Amino acid sequence: MSQILSICVSRISEVACSISLGDIKVKNGKILLSCARPVPSKRRSCYVRCQQTSRIQEILGKDGNGAATDVAEVFNLNSKNIVAERVLTEPVERKSKAGSHEDNKASTEQVERKSRAASQEDSRTLTEQVERKSRAASHEDSRNSTEQVERKSRAASHEDSRNLTEQVERKSRTASHEDSYLEKQARDLLRAGAGSYEEDGSFESEAWTLLRAAVVNYCGSPIGTIAANDPLDPDTLNYDQVFIRDFIPSGIAFLLKGEYDIVRNFILHTLQLQSWEKTMDCHSPGQGLMPASFKVRTVPRDGDDTATEDILDPDFGEAAIGRVAPVDSGLWWIILLRAYVKSSGDLSVQERTDVQTGIKMILKLCLADGFDMFPTLLVTDGSCMIDRRMGIHGHPLEIQALFYSALRCAREMLTLGDGSAGLIRALNNRLIALSFHIREYYWIDMKKLNEIYRYKTEEYSYDAVNKFNIYPDQISPWLVEWMPDRGGYFIGNLQPAHMDFRFFSLGNFWSIITNLATREQSDAVLDFVEAKWNDLVSDMPFKICYPALEGQEWQIITGSDPKNTPWSYHNGGAWPTLLWQLTVACIKMNRPELARKAVGVAEKRLSKDRWPEYYDTKRARFIGKQAHLYQTWSIAGYLVSKLLLRNPEAAKILTCEEDMELLDECNCLLEANPKRKRGRKKSSKSYIV
Ligand code: GLC
């Protein structure tokens, strides 16, 4: 039985409130602390600090080593119970409470031995163990450090105390040569804190446990999942936020499991952020912009010192590294909304006036007239999953595929009336022009490459074949080598005099899923994936892009970005989350065995490597240099793949089929192609087609 009588709960916002505890129980490897009165905050991740240090010193001995400065992370915080991930104090039986230094040391070692041999119940005590280990390594040193932490943490804010404890942890890690032991403890601890496995033993059940541990609550209800949830990583940066794009696989996993609430809450609450005031150096982006991410903050309620309330704190790119605008967020939001409606059958959400307005605001932003000649969406570098400079400004495939998908989904959900007819017309026109443009100009295979190789340039006429004035020299040697006889893919970007021939996986998978690609093209992309398995999958699915930018190209295009060095991160790294998109594409094309093979490769390492964000090297052999561990979308991506492979029908909540009316229109445009005959049918709006 834990000896704690009272704890102090502090939130990231540094607001603290005391909770008198009633019952303290240990259940399923978790400490359940029943609160005497309801906990006002529903924040998932709080930091708990022992308040009654004197009482704890009494328990642990006068030197005060240990528990007084322990910090515990709380996993689920509902109104009555707190489930502590780390134990604040544990039932330590000591030889002597106020014994000699020697005695204390012996006692510490005894506890340490005990805790190594102990059950999973004991393994939760990571912080204590780290401290004990560091005591063993350097008793004096660590004692000073602990005392210092203790002194400081009493005075400092809770944020500070968290940092200090992390410092102690870091220090201890350096002192100790048994990191892997600790890491195992951390892993057990995560599992223990999150509850027992849903289905014992399998990677899948581990993944569910971890996914649930990443859930964030807002006003008492689940609203999203944080990007990464690694208990040993002090450098969370913004990975403790809910990213819109990162939440998609989590949301889909919950939908597939029949747990609709979290997705419903996510949709309705993020909707409110759309019209948030957002500025960057006095400039405001369009109203329909959705944030890249948001955080739940708990703040004191106005005029009441004892009460707190939860608020949402969005980031539209004003704080993001490089100030990148998250163009994909709104598109993903629409896609997830449609998946929610399709799987839950709950039409009431899409029919709500605020939801209809939300859809329209996103569409208006995307369909707004500008200077662009192309039907593709013009965006800056870093506006999607690749949110750093990688030379994808212009018309990157990923955004185009998501744009097309969002238009298709929106068309299904928009209710007629209230002036929506004009919007639907604009939307249809854009769909036709967009699919034509991508199918025709982004597609490459051996045949098309050969055509480009023989292009004439500087054609000034309406009937030019080489419309974008592509110089054949752009076909790099790697591409000639790389292109298999069978298969093809959509290139990464198309601009005047510029074809970015790199293979970007998300855009290609999503083109299949949403039917931006024709049937033949979709099959050819999967043929390509099969043919290039060793380059695109190798030791971990799936390369975000291929090949990597190297040498001078890397210097010029990425701005010498040290995170995006060749074959790392966005520059040719492998991202396990992409597994779910590959799976949906394979299922749609009735080739699930390909996805199964990829899942098999992932299973060899994902859990063992602690669910990394990404992998490095040409063959994806290393865990990414700066990869976060327990990355939620790696976990959720794996789950979605498993669930869908068991129930392929469910993939329909994400896929779109060929729209025959659109196809007819598109065929008219194709026939009007100058290679055949020009000017057969006129679209009501003129784009380059
Ligand atoms: C990285 C990824 C981005 C993701 C974020 C959070 O910045 O590039 O796509 O949303 O991490 O996981």
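To keep things clear, this report deals only with the structure shown in the data block. (Residues numbered from 1 in each chain as written. Predicted model: local features only at pLDDT ≥ 70, side-chain atom pairs only at ≥ 80, totals over all residues. Heavy atoms only, no water.)

## Digging into the sheet that holds strand β15 (residues 545–546)
Reasoning step 1: With respect to topology, four strands assemble into an open sheet ordered β12-β13-β14-β15, the strand pairing being antiparallel. For this open sheet the edge positions go to β12 (443–445) and β15, each flanked by a neighbour on one side alone.
Reasoning step 2: Sheet analysis places strand β14 (residues 498–504) next to β15, joined by two bridges and oriented antiparallel. Pairing of F503 across the sheet is with Y546, part of β15.
Reasoning step 3: Sheet strands in contact with helix α19 (residues 519–531) are β12, β13 (488–495) and β14, and its direction is about 105 degrees off that of β13. (Pairing = 2+ DSSP bridges. Helix = DSSP H or I, 4+ residues; strand = E, 2+ residues; numbered from the N terminus. Contact = heavy atoms within 4.5 Å. Axes fitted to C-alpha atoms, helices over the stretch in contact; angles between N-to-C directions.)

## Some points on the side chain of N508
Reasoning step 1: Note on placement: N508 falls in helix α18 (residues 505–513).
Reasoning step 2: Classification of N508 as buried rests on a relative accessible area of 0%.
Reasoning step 3: Ignoring sequence-local partners within four residues, the contact set of N508 consists of L397, Y489, F490, F503 and V525. (Buried < 20%, exposed > 50% of the residue type's maximum accessible area, 1.4 Å probe, protein only.)

## So, the packing of helix α13 (residues 353–367) against helix α14 (residues 397–413)
Reasoning step 1: One can describe the packing of α13 onto α14 by two numbers: an axis separation of 11 Å at closest approach and a directional angle of 140 degrees. When the axes of α13 and α14 are compared, the crossing they make is left-handed. Residues Q356, I359, L363, C366 and L367 of α13 pack against F403, L407, A410 and M413 of α14.
Reasoning step 2: Grouping the constituent residues of the contact of α13 with α14 by class yields eight nonpolar, one polar and no charged. (Left-handed = near helix turned anticlockwise from the far one by under 90°. Nonpolar A, V, L, I, M, F, W, Y, C, P; charged D, E, K, R; others polar.)

## Re the pattern of salt bridges
Reasoning step 1: Evaluation of the coordinates by the stated rule reveals 23 salt bridges.
Reasoning step 2: With its nearest N and O atoms 3.3 Å apart, the salt bridge here joins R486 to D527. Placement of the pair is R486 in the loop between α17 (477–482) and β13 and D527 in helix α19, with a sequence separation of 41 residues.
Reasoning step 3: You can call R486 exposed: its relative accessible area is 59%.
Reasoning step 4: For D535, the salt bridge identified is with R619, shortest N-O distance 3.5 Å. In this pair, D535 is assigned in helix α20 (residues 533–536) and R619 in the loop between β16 (615–616) and β17 (622–623), connecting sequence segments 84 residues apart. (Salt bridge = Lys/Arg side-chain N within 4 Å of Asp/Glu carboxyl O.)

## What to know about the site of the ligand
Reasoning step 1: For the ligand, the set of nearby residues contains 13 residues, the closest of which are R245, D246, M385, D387 and H570.
Reasoning step 2: Interatomic distance of 3.1 Å between a side-chain N/O atom of Y239 and an oxygen atom of the ligand.
Reasoning step 3: Note that an oxygen atom of the ligand is positioned 2.5 Å from one of the side-chain N or O atoms of D246.
Reasoning step 4: Burial of the ligand by the surrounding chains reaches 96%, relative to a free accessible area of 310 Å².
Reasoning step 5: Residues belonging to the shell around the ligand are distributed by class as follows: seven nonpolar, two polar and four charged. (Near = heavy atom within 4 Å. Polar contact = N/O pair within 3.5 Å; in protein donor to acceptor, adjacent residues only side chain to side chain. Areas by Shrake-Rupley, 256 points an atom, 1.4 Å probe, with all protein chains shown as cover.)

## Digging into the packing of aromatic side chains
Reasoning step 1: Within the structure shown, the criterion is met by 25 aromatic pairs.
Reasoning step 2: Judged by centre distance (4.9 Å) and plane angle (80 degrees), the rings of F509 and F542 are edge-to-face. Separated by 33 residues along the polypeptide, F509 in helix α18 and F542 in the loop between α20 and β15 bring together distant segments of the chain. Taken as a pair, F509 and F542 share a single burial class, namely buried.
Reasoning step 3: Here the basic side chain of K563 rests over the ring of Y569, its NZ or CZ set 4.3 Å away from the ring centre.
Reasoning step 4: Its guanidinium or amino end placed over the ring of W533, K597 lies 4.2 Å from that ring's centre, counting from NZ or CZ. (Phe/Tyr/Trp six-rings, centres within 6.5 Å; stacked < 30°, edge-to-face > 60°. Lys NZ or Arg CZ within 6 Å of the ring centre and 35° of its normal.)

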